[in-house]
Amino acid sequence: MRDVDIIGIGMFPFGVHKTTPLVEMGVRAAIDAIKDAGVKPSQVNIGFFANMQAANLTKEFTTGQTVMWGAGINKIPVFNIENACTSGASATTLAMMSIASGQYDIALVVGAEKLNVPFIPLLNPSLRDINVLEGNVVINGFAQRAVRHMHEYGTTKEQLAMVDVKNRKHALLNPMAKFFNKPVTIEEVLNAPMMADPLTKLMCCPNSDGAAALVLCAAEISRRFTSKPIHLKASVLVSGIFDEVPDMQTFEEDQRASRIAYETAGLGPEDVSAVECHDAFTICEIMHTENLGFCPIGEGGPFVESGATSLGGKIPVNVSGGLLGKGHPLGATAVSQIVEGVIQLRGEAGARQVEGAKVFLAECMGAELRGDAKTCTVNILTV
Amino acid sequence: MAADLKPMLDGIFEVGPPPRLLGAECPICKQKFFPKPIVCPHCLEDVKEIKLNTEGTVYSYSILRIPNKLYQFPQPYASGYVDLDNDNIRVYCLFDPEKAEEIRIGQRVTLRVGQIGIGLDGKECLRYYFTPVDGGEK
Ligand SMILES: [Zn+2]
């Protein structure tokens, strides 16, 4: 198997883009990425397009080929990938495999999503799912996790609020985060309308639109295009167990995916300089910091409270603003996490630069079946 | 309870009285399931339908305060997981719409069936739910 580098990144800002079509956001991110990589459209050998809701919300399908051609790319194999919130990381895993196998040299990954349409329904994995028929919606699953986490470990609602305060503060330093333009206080988060106890509206990521793109390249030729290739050391995708409904205060999928990724990369959590994780709800980030190995299980609440996960702390988490600060354009989200990693490892993050960042980890998680995450991804990048 | 109302999905529960959840047991590995799978995912053999225990303990819950118009659920409503006595199965369920604010981890609950919301066909239908064993505070 060959080593794989990331040589180009692009983003269409995350925010509310009511008049910009899905395809245009994807095309603009794709063009930025191939220009950043210094490759011509004809040099891209294979393409992956990540999106979750286009067939549902804007009635589009096989959008990937339309996006690629918008960036001047045709004839090559193009795959359209849907894996809920991890669609973009799943597409990245496939791109890495296609290059590592020796079959292709340069791959383009684009994730794009348009959620701000006139009517945004609550997301459900299947109308016939017995849990959905009995009242489960995405936020319920995470509220139940929060209730259980508070019960087991004494996590407080103030700690749940601190995650949002931190990520909103980080987002203000990211020019690609356009959803919000001001910070929030713990009191504002706690006093926001209650969605599903204990989660208030500000403990839930908003629906934003946007796109992100990556150019992956065989490491043996990446220096033809850039003097600063970023190494993609591990790109892992796992599915849940689904057998018996698990205990809800831990993420078994995080533990399993990160163990594989750490082993593949030959690194451990102590080596990681910065993290982006799936903070769709504030409880998620607290649990991810535990289950990815950055603090002991049950101590994610005190960990955020200590400032360890803030910019300048021991292990900054969601310095880009995360999903809470940037919003969550589903198919684009996991690509944007890896884009942030490349920016950090290149040392180009400006006011939100993590000092001396050398190893970066991105985690994402999507959808639920019988209490388990359907998909979970961990990507590890190094300088 | 109106006699013409149907369960929100066939094969999930018996209306009763008494109401019973319909699970399954694999004749080979003896694992119990809810709902009934197409075959046992471990043995790939047909499973036998069984009636599950009607009492259990609340494992976790949430109270959804925003509208869920998908099936016209009450607002707010509580749902979550109950660990069924003896069966060693954790099932997702609605909680008694009249007692949404009373549900707690560790609470003893018992099975009921009643009209809640609408079904896949858009018509009012029956759903299973759990209610506190001691009748709750109300
Ligand atoms: Zn079996």
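As the structure is a prediction and not an experimental result, all values here were calculated from the model.

Chemist: Any chance you could explain unusual backbone geometry here in plain terms?
Modeler: Residues apart from glycine generally show negative phi values, whereas peptide bonds are mostly found in trans. Here the bond from Gly16(B) into Pro17(B) is cis, since omega is 10°, no more than 30 degrees from zero. Position of Pro17(B) among the secondary structure elements: in the loop between strand S1 (13-14) and strand S2 (20-25). Phi angles above zero are rare outside glycine, and Arg370(A) is one such case at about 50°. One can find Arg370(A) in the loop between strand S10 (359-369) and strand S11 (372-382). One non-glycine residue, Asn88(B), lies in positive phi territory at about 55°.

Chemist: Can you walk me through the side chain of Asp87(B) in this structure?
Modeler: All names here are of chain B. Mapped onto the secondary structure, aspartate 87 falls in the loop between strand S6 (77-84) and strand S7 (90-95). Under the relative-accessibility criterion, aspartate 87 is labelled buried at 10%. Dropping the residues within four chain positions of it, aspartate 87 is found in contact with Lys32, Leu52 and Asn53.

Chemist: What's the story with the sheet that holds strand S4 (residues 106-113) of chain A in this structure? I'm lost.
Modeler: Residues and elements named next belong to chain A. The mixed open sheet is built from nine strands, whose spatial order is S3-S2-S4-S7-S1-S8-S11-S10-S9. Of all the strands in the sheet, the pair left with one neighbour each is strand S3 (78-81) and strand S9 (274-276). Averaged over all pairs of adjacent strands, the angle between strand axes in this sheet comes to 20°, irrespective of strand direction. In terms of strand pairing, strand S2 (residues 46-50) meets S4 through five bridges, oriented parallel.

Chemist: Sorry, what's going on with the packing of helix H4 (residues 87-100) of chain A against helix H13 (residues 330-346) of chain A here?
Modeler: Axes are the key here: two packed helices are described by the angle between their axes and the distance separating the axes. All names here are of chain A. Contact geometry for H4 and H13: axes closest at 5 Å, N-to-C directions at 60°. Classified by the interaxial angle, the pair formed by H4 and H13 is oblique. Between H4, through Ser87, Gly88, Ala89 and Thr92, and H13, the contact on the second element is made entirely by Gly331, Ala334, Val335 and Ile338. In terms of residue class, the contact of H4 with H13 is built from four nonpolar, four polar and no charged.

Chemist: I tried to follow a nonpolar patch on the surface on my own but got confused; where do I start?
Modeler: Residues Leu127(A), Leu70(B) and Leu120(B) make up a contiguous nonpolar surface patch of about 230 Å² in total accessible area. By the element assignment, Leu120(B) lies in the loop between strand S8 (108-118) and strand S9 (124-132). Residue class for Leu120(B) comes out partly exposed when judged on its relative accessible area of 39%.

Chemist: I keep staring at the coordination of the zinc ion and nothing clicks. Help me out?
Modeler: Six octahedral donors around a metal ideally make angles of 90 or 180 degrees; four tetrahedral donors ideally make 109.5 degrees. All names here are of chain B. With distances of 2.3 to 2.4 Å, the protein atoms coordinating the zinc ion are Cys26 (SG), Cys29 (SG), Cys40 (SG) and Cys43 (SG). What the four donor atoms of the zinc ion show is an angle range of 108 to 114° at the metal, which sorts the shape as tetrahedral. For the zinc ion, all donor residues lie on one chain, and their spacing in sequence is C-x2-C-x10-C-x2-C. Here cysteine 43 falls in the partly exposed class, since its relative accessible area comes to 24%.

Chemist: Please clarify how the domain arrangement of chain A should be interpreted in this entry.
Modeler: How big an interface is tends to be reported as the loss of accessible area on association of its parts. Residues and elements named next belong to chain A. For chain A, the domain assignment lists domain 1 (4-117 + 209-231) and domain 2 (130-205 + 235-382). One C-alpha centre belongs to domain 1, the other to domain 2, and the line joining them spans 23 Å. Interface of domain 1 and domain 2: buried area, both sides summed, is about 3000 Å²; carbon and sulfur atoms make up 72% of it. Considering only the side of domain 1, the residues that lose the most area to domain 2 are Phe14, Cys85 and Ile230, jointly responsible for 24% of the buried surface there. Counting the contacts that link domain 1 with domain 2 gives one salt bridge. Between arginine 346 and aspartate 36 there is a salt bridge, and its shortest N-O distance comes to 2.9 Å.

Chemist: Quick question: what am I supposed to make of the interface of chain A and chain B here?
Modeler: With 33 residues of chain A at the contact, the number on the chain B side is 33 residues. For the pair chain A and chain B, the number of links is two salt bridges. Of the charged contacts, one joins Asp197(A) and Arg65(B) as a salt bridge, the two residues approaching to 2.8 Å between their closest N and O atoms. For the pair chain A and chain B, the number of links is 21 residue pairs in polar contact (both at pLDDT 80 or more). The set of elements that each furnish at least two residues to the side of chain A that touches chain B consists of helix H5 (130-133), helix H6 (138-153) and strand S5 (194-196) of chain A. Element by element, the count of residues in the side of chain A that touches chain B is highest for H6(A), at seven residues. The residue makeup of the side of chain A that touches chain B, split by class, is 15 nonpolar, nine polar and nine charged.

Chemist: Would you mind going over the state of the cysteines with me for this structure?
Modeler: When the sulfur atoms of two cysteines share a covalent bond, that bond is a disulfide. Scanning the entire structure with this criterion turns up zero disulfides over all chains. A disulfide-free cysteine, Cys85(A) has its sulfur positioned 5.8 Å from the sulfur of Cys364(A), the nearest such atom.

Chemist: When you look at the pattern of salt bridges in this model, what are you seeing that I'm missing?
Modeler: A pair can form between side chains of opposite charge whenever their charged atoms are brought close. In the structure shown here, the tally under the stated rule is 20 salt bridges over all chains. Where Arg148(A) meets Glu152(A), a salt bridge forms, and the shortest distance between an N and an O atom there is 2.9 Å. Remark: Glu152(A) and Arg148(A) occur in helix H6; sequence separation between them is four residues, near one turn of the helix. On the accessibility criterion, Arg148(A) (11% relative accessible area) is buried. For Arg90(B), the salt bridge goes to Asp83(B), with nearest N and O atoms at 2.6 Å. By relative accessible area, Arg90(B) is classed as buried at 16%. Accessibility expressed as a relative area gives 26% for Asp83(B), which makes it partly exposed. Residues participating in the shared-partner salt-bridge network are Arg2(A), Asp105(A) and Glu220(A).

Chemist: Just checking my understanding: could you explain the pairing of S4(A) for this structure?
Modeler: In summary, the side chains of a regular strand alternate between the two faces of the sheet. Residues and elements named next belong to chain A. Burial of S4 is extensive: eight of the eight residues sit out of reach of the surface. Burial of S4 is two-sided: the residues Ile106, Leu108, Val110 and Ala112 facing one way and the residues Ala107, Val109, Gly111 and Glu113 facing the other way are all buried. Looking at chain direction, S4 and strand S7 (residues 209-218) are connected through eight bridges and run antiparallel. Residue pairing in the sheet places leucine 108 in a bridge with valine 215 of S7.

Chemist: Sorry, what's going on with the packing of helix H1 (residues 22-37) of chain A against helix H3 (residues 63-70) of chain A here?
Modeler: Residues and elements named next belong to chain A. Their axes nearest at 8 Å, the elements H1 and H3 cross at an angle of 50°. As far as their axial angle goes, H3 and H1 are oblique. In this structure, H1 meets H3 at a crossing whose hand is right-handed. Seen from H1, the contacting residues are Leu22, Val23, Gly26, Val27 and Ile31; seen from H3, they are Thr63, Thr66, Val67 and Gly70. Considering only residue class, the contact of H1 with H3 consists of five nonpolar, four polar and no charged.

Cut-off values and rules
Residues numbered from 1 in each chain as written. Chains lettered and ligands numbered in written order. Predicted model: local features only at pLDDT ≥ 70, side-chain atom pairs only at ≥ 80, totals over all residues. Heavy atoms only, no water. Helix = DSSP H or I, 4+ residues; strand = E, 2+ residues; numbered from the N terminus. Buried < 20%, exposed > 50% of the residue type's maximum accessible area, 1.4 Å probe, protein only. Contact = heavy atoms within 4.5 Å. Pairing = 2+ DSSP bridges. Axes fitted to C-alpha atoms, helices over the stretch in contact; angles between N-to-C directions. Parallel < 35°, antiparallel > 145°, perpendicular 65-115°, else oblique. Nonpolar A, V, L, I, M, F, W, Y, C, P; charged D, E, K, R; others polar. Patch = residues over 30% accessible without salt bridge, like charges linked within 9 Å, V, L, I, M, F, W, Y side chains within 5 Å. Areas by Shrake-Rupley, 256 points an atom, 1.4 Å probe, with all protein chains shown as cover. Salt bridge = Lys/Arg side-chain N within 4 Å of Asp/Glu carboxyl O. Donors = N, O, S within 2.8 Å, 3.2 Å for Na, K, Ca; no water. Tetrahedral: all angles 85-135°; square planar, octahedral: opposite > 155°, others 65-115°. Domains from an automatic or database assignment. Buried area = accessible area lost by both parts, 1.4 Å probe. Polar contact = N/O pair within 3.5 Å; in protein donor to acceptor, adjacent residues only side chain to side chain. Disulfide = S-S within 2.5 Å. Left-handed = near helix turned anticlockwise from the far one by under 90°.

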